[in-house]
Amino acid sequence: PLVRALEKYLEAMPEGLLEALEMSSGALLEGFPSAYSVYRPMLLLPAHSFGSEAWKRLLAFLEQNNSASLQSLWHSLASSVGATHIAINNPIPLHTPSNKEEENILRSPVGLVPLYGDFGPPPSSLANPEKPSQGDFDKAFWVSTTQNGIHQTWAPMYTMFSRGNITEKARVMNMESVKTAIEEGKNHSRGATAIDLYAGIGYFAFSYKKAGVDKVICFELNPWSVEGLQRGAGMNWWNCAVVQGGLEREAYLMRGGEAWKELIEDNDFIIFQESNERVLEELEWMHNLPPIRHINLGLLPSSRASWENAVASLDYAEVCWLHIHENIGAGEIERRAEEIETEILLIFQDVMKERGQKGDYIPAVEVEHVEKVKTFAPGVWHCVVDIRI
């Protein structure tokens with residue numbers, strides 16, 4: 001539909017204009033992106049779209065001499081796929097644009113280029129970017145999609161979304177280890193909990209819940225992702241509560257254990273808007289939480305900084321699993337998986353010592369599976385290493 005809309009637009013252009021600009025409709029069609037995504041109501045074009053010399057000349061001419069015609073082009077493209085907005089995607093940078101040594105911890109989509117439609121106030125215009133108000137959330141432009149029967153929503157100016165993770169989301173939903181934890185939880189009347197230490201808008205957290213996990217504990221720093229996580233949970237008819245730490249946590253503690261008990265019983269998701277460095281501290285108060293059987297560590301290029309806390313969070317009365325995301329060179333996957341297994345074993349042994357584990361026991365830590373999710377860069381795979389403990 002996009003190509004047909006473009007062809008129709010080019011046919012309606014004033015006769016001789018393209019020739020005067022020393023280009024042809026064929027050159028424009030050839031330089032037009034063949035791939036795109038639609039996240040209602042936004043048409044998202046790939047990076048480097050309109051990068052050919054022909055497109056650069058045409059867009060520059062229209063912008064300077066005929067902005068109405070340029071808007072007509074965008075309108076034609078958007079309406080052909082049922083969209084009202086257009087943007088060009090760009091990779092999420094690992095570091096902030098202002099400081100190449102500062103990590104882009106929130107994974108903000110600073111490279112997104114809006115082309116058509118009102119995308120809301122730019123991030124730089126917010127009174128307090130680190131603590132956006134409900135008014136800021138309401139003024140922003142939100143999009144949504146449905147993958148594997150799960151609804152998700154996000155504000156593209158503030159939050160990333162990766163369509164390439166769809167296969168991993170489906171794998172989580174159908175993973176035998178997840179089914180095992182759910183079934184055993186039912187048989188023992190204890191249920192099962194999953195933790196997502198890098199929850200985002202619920203990319204993988206929602207898959208655990210859709211599979212049947214009783215409770216999902218989420219940690220996420222980006223307030224826009226937390227808002228998307230809340231909205232997405234509501235779209236799927238799941239209950240969630242957000243604990244922002246600090247005074248809010250203290251308020252729960254002052255109310256006593258019953259407050260935490262009610263919080264857990266009444267919600268499918270407990271979302272901590274804070275660093276996952278506090279996961280052990282938060283779990284201390286959640287005594288009625290079902291056994292923690294699965295932990296997702298979905299940070300790229302590596303989630304190494306959270307491995308110790310992840311291992312210490314698991315409930316070792318049952319078999320447990322870690323799902324460690326990491327960028328790995330194509331020829332190093334097997335070796336790196338073995339290294340991860342060894343590191344997790346050493347961490348597990350330290351955890352057992354700290355817990356006062358005595359007597360002879362044989363720690364069983366093994367790589368159960370390595371999933372190649374997608375290529376991250378030439379020769380580099382986004383992998384998930386499933387560790388069974």
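Each value, and the rule that gives it
Residues numbered from 1 in each chain as written. Predicted model: local features only at pLDDT ≥ 70, side-chain atom pairs only at ≥ 80, totals over all residues. Heavy atoms only, no water. Salt bridge = Lys/Arg side-chain N within 4 Å of Asp/Glu carboxyl O. Helix = DSSP H or I, 4+ residues; strand = E, 2+ residues; numbered from the N terminus. Buried < 20%, exposed > 50% of the residue type's maximum accessible area, 1.4 Å probe, protein only. Pairing = 2+ DSSP bridges. Axes fitted to C-alpha atoms, helices over the stretch in contact; angles between N-to-C directions. Contact = heavy atoms within 4.5 Å. Polar contact = N/O pair within 3.5 Å; in protein donor to acceptor, adjacent residues only side chain to side chain. Phe/Tyr/Trp six-rings, centres within 6.5 Å; stacked < 30°, edge-to-face > 60°. Right-handed = clockwise from strand over helix to strand, strands pointing away. Arc of directions from axis to C-beta. Core = buried A, V, L, I, M, F, W, Y, C linked by side-chain atoms within 4.5 Å.

Asks: Just checking my understanding: could you explain the pattern of salt bridges for this structure?
Replies: When the charged atoms of two side chains with opposite charge come close together, those side chains can pair. Tallying each qualifying case throughout the model produces 22 salt bridges. Asp138 is the partner of Arg231 in a salt bridge, and the nearest nitrogen-oxygen pair spans 3.5 Å. Pair noted here: Arg231 is in helix 10 (residues 223-235) and Asp138 is in helix 6 (residues 134-139), with a separation of 93 residues, a long-range link. In this structure Arg231 comes out as partly exposed when scored by relative accessible area, which is 27%. Notably, a salt bridge pairs Glu308 with Arg304, separated by 3.0 Å at the nearest N-O pair. Ionic contacts of the salt-bridge type, sharing partners, join the residues Arg304, Glu308, Glu326, Glu332, Arg335, Arg336, Glu339 and Glu343 into one network.

Asks: Explain the pairing of strand 16 (residues 380-388) to me, please; I cannot follow it from the model alone.
Replies: In the case of a regular strand, side chains alternate between the two sheet surfaces. Where strand 14 (residues 321-329) and strand 16 come together, 9 bridges link them in antiparallel fashion. Looking at strand 16, one finds that Glu326 is bridged to Cys383. Pairing of strand 15 (residues 366-377) with strand 16, which is carried by 9 bridges, proceeds in the antiparallel orientation. When the sheet's bridge partners are listed, Glu366 is paired in strand 16 with Arg388. Where strand 15 folds back on strand 16, the antiparallel hairpin that results is connected by 2 residues, among which Gly379 adopts a positive phi of roughly 80 degrees.

Asks: Honestly, the environment of Glu11 in this entry has me stumped. Any pointers?
Replies: Residue position: Glu11 is located in helix 1 (residues 2-11). Separated by 14 residues in the primary sequence, Glu11 and Ser25 have C-alpha atoms spaced 8.4 Å apart.

Asks: How should I be thinking about the sheet that holds strand 15 in this particular structure?
Replies: Sheet strands associate in pairs through backbone hydrogen bonding, adopting either a parallel or an antiparallel arrangement. The strand order across the open sheet built from 8 strands is 11-12-10-9-13-14-16-15, with neighbouring strands paired in mixed fashion. Each edge of the sheet is formed by a strand with only one pairing partner; in this case those strands are strand 11 (240-243) and strand 15. Ignoring strand direction, the axes of neighbouring strands in this sheet form an average angle of 20 degrees. Two strands pair when backbone bridges link them, and strand 11 and strand 12 (residues 269-272) are joined in this way by 4 bridges, in the parallel orientation. Bridge pairing in strand 12 links Ala241 to Ile270. Taken strand by strand, helix 10 contacts strand 10 (215-219), strand 11 and strand 12, and its axis lies near 165 degrees from that of strand 11. Contacts between helix 15 (residues 333-354) and the sheet are confined to strand 14, strand 15 and strand 16, with strand 14 contributing the most and set at about 140 degrees to the helix.

Asks: Is there a simple way to explain the side chain of Asp268 in this structure?
Replies: Checked against the element boundaries, Asp268 lands in the loop between helix 12 (257-266) and strand 12. At a separation of 2.8 Å, a polar atom in the side chain of Asp268 contacts the main-chain amide nitrogen of Asn239. Filtering out sequence-adjacent residues up to four positions away, Asp268 remains in contact with Lys209, Asp214, Lys215, Val216, Trp238 and Asn239.

Asks: Help me out: how do you make sense of the packing of aromatic side chains in this one?
Replies: Each aromatic ring pair is specified by the distance between its two centres and by the angle formed by the two planes. Applying the stated criterion across every chain, the model contains 17 aromatic pairs. Ring geometry for Tyr39 versus Trp154: centroids 5.1 Å apart, planes at 70 degrees, classification edge-to-face. Residue Tyr39 is located in strand 1 (residues 37-39), and its partner Trp154 is located in strand 8 (residues 150-154); the two are separated by 115 residues in the primary sequence. For Trp154, a relative accessible area of 2% translates into the label buried. The structure contains a cluster of three or more aromatic residues connected by ring pairs, namely Phe32, Phe50, Trp55 and Trp74.

Asks: Could you clarify how one ought to interpret the pairing of strand 9 (residues 193-196) in this entry?
Replies: Residues Thr193 and Ile195 point to one face of strand 9 and Ala194 and Asp196 to the other, with burial holding for every one of them. Examined bridge by bridge, strand 9 and strand 10 share 4 bridges and lie parallel to one another. What sits directly across from Thr193, in strand 10, is Lys215. Viewed along the sheet, the connection from strand 9 through helix 9 (residues 205-211) into strand 10 turns out right-handed. Judged from the 4 bridges that link them, strand 9 and strand 13 (residues 292-297) form a sheet pairing that is parallel. The residue bridging Ala194 from the neighbouring strand is His294, located in strand 13.

Asks: I'm lost on helix 1 in this one. Help?
Replies: Counting along an α-helix, one turn takes 3.6 residues, and residues three or four places apart therefore face a common direction. Among the residues making up helix 1, those that are buried are Leu2, Ala5, Leu6, Tyr9 and Leu10. The buried residues of helix 1 occupy an angular sector of 135 degrees when the element is viewed end-on, so they sit on one face. Every exposed residue of helix 1 that faces more than 90 degrees away from the buried side is listed here: Arg4, Lys8 and Glu11. Check the buried side of helix 1 and you find it contacts helix 3 (25-30), strand 2 (42-45), helix 4 (53-65) and helix 5 (67-80).

Asks: What should I look at first to understand unusual backbone geometry in this one?
Replies: Residues other than glycine predominantly adopt negative phi, and peptide bonds predominantly adopt the trans conformation. Residue Pro41 follows Arg40 across a cis peptide bond; omega there is 0 degrees. If you trace the backbone, Pro41 turns up in the loop between strand 1 and strand 2. Following Leu300, the chain continues to Pro301 via a peptide bond in cis, the omega torsion being 10 degrees. With a phi close to 60 degrees, Phe50 is a non-glycine residue in the positive phi region. Position of Phe50 among the secondary structure elements: in the loop between strand 2 and helix 4. Positive phi outside glycine occurs at Trp237, with the angle close to 65 degrees.

Asks: So what exactly am I meant to see when it comes to the nonpolar core here?
Replies: When a protein is soluble and globular, its nonpolar side chains tend to lie buried together. The biggest cluster of nonpolar side chains holds 42 residues, and the ones touching the most others in it are Met42, Tyr208, Cys218, Trp224 and Phe269. Here the element with the most residues in this core is helix 10; it accounts for 4 residues. For Cys218, the contacting residues outside a window of four places in its chain are Asp196, Ala199, Ala205, Leu229, Phe269, Ile270, Ile271 and Phe272. Judged by nonpolar contacts, the second largest core, of 36 residues, contains Val243, Phe272, Ile324 and Met352.

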